Amino acid sequence: MLSSDRVGRLRLNTSEQAVLRLIPSSRRRKSTRTAEGITYPVYEVTDAQQPTAPPILLEMNGNEQDGFRIWRIRVTDPQYRTADGIGVGSPYGAARQQYGITTIEKTDAGLVAVSDAVKMSWVLDEQSLPPKRPSQLRPTDVPTATRIIGVLVSR
């Protein structure tokens, strides 16, 4: 289940230590990412029931002294859905109609449709967009059939 502050049992703002206690080492792999010159830890988490499914990515923020916490959860696994059934593989139009889209923006995760109402961003399949598009897309500029290829849950 996807919601504004969690993906399954994984909740935003959970400490790294709690993540280590919650998820067995056989289901998580730690690495790092760098964005805007800042390197931070991430965990790839596999599903115990479907180990071949795409992993969930837990992005952490904080520091060594105070510890790290989950600030964003990135999902590309189509089995995770909102209570309304929207997730990876759904058409953009369904997310826009159900939750409203505040902005369309280019991020490190790709082209995303941001819904402030549910504090989620829907990563869009850019290949389904017209090749010549304005640099600033409005929510109504994106074809409703554009597929969602990822979901970002963040603070």
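One structure accompanies this document, and this report is about it. Position numbers for residues start from 1 in each chain and track the written sequence from start to end. Local features in this predicted model are restricted to residues whose pLDDT is 70 or higher, and side-chain atom pairs enter the listing and the counts only when it is 80 or higher, whereas totals over whole chains, interfaces and linings include all residues. With hydrogens and water excluded, all non-hydrogen atoms of the structure serve as input to the side-chain values.

1. Things to note about the pattern of salt bridges
Pairs can form between side chains of opposite charge whenever their charged atoms are close. What makes a salt bridge here is a side-chain nitrogen of Lys or Arg within 4 Å of a carboxyl oxygen of Asp or Glu, nothing more. Under the criterion given, the structure shown has 10 salt bridges. Linking Arg 72 and Asp 108 is a salt bridge whose minimum nitrogen-to-oxygen distance equals 3.0 Å. You can see Arg 72 sitting in strand 7 (residues 67–75) and its partner Asp 108 sitting in the loop between strand 8 (103–107) and strand 9 (110–115), a full 36 residues away along the chain. Relative accessible area decides the class of each residue, using a 1.4 Å probe on protein chains only: under 20% of the type maximum gives buried, over 50% gives exposed, and in between gives partly exposed. For Arg 72, a relative accessible area of 6% corresponds to the buried category. By relative accessible area, Asp 108 is classed as partly exposed at 43%. Residues joined by salt bridges that share partners form a network here, namely Arg 33, Glu 59, Arg 72, Arg 74 and Asp 108. Strands are runs of DSSP state E lasting at least 2 residues, helices are runs of H or I lasting at least 4, and numbering of each runs from the N terminus.

2. Digging into the pairing of strand 5 (residues 38–45)
Strand pairing is assigned whenever DSSP detects at least two bridges linking the two strands. Here 8 bridges tie strand 4 (residues 28–35) to strand 5, and the two strands are oriented antiparallel to one another. For Arg 29, the partnering residue across the bridge sits in strand 5 and is Glu 44. Between strand 4 and strand 5, which pair antiparallel one after the other, the connecting turn spans 2 residues, and Glu 36 there sits at a positive phi close to 55°.

3. Overview of the environment of Leu 111
One can find Leu 111 in strand 9. For the pair Leu 111 and Leu 137, spaced 26 residues apart in sequence, the C-alpha separation works out to 10.0 Å.

4. With respect to the side chain of Ser 154
Here Ser 154 lies in strand 11 (residues 148–154). Here a residue-residue contact requires only that any non-hydrogen atoms of the pair lie within 4.5 Å. Residues within four places of Ser 154 in sequence aside, it is in contact with Ser 4, Leu 12, Trp 71, Arg 72 and Lys 119.

Read these as spatial facts, not as claims about activity.
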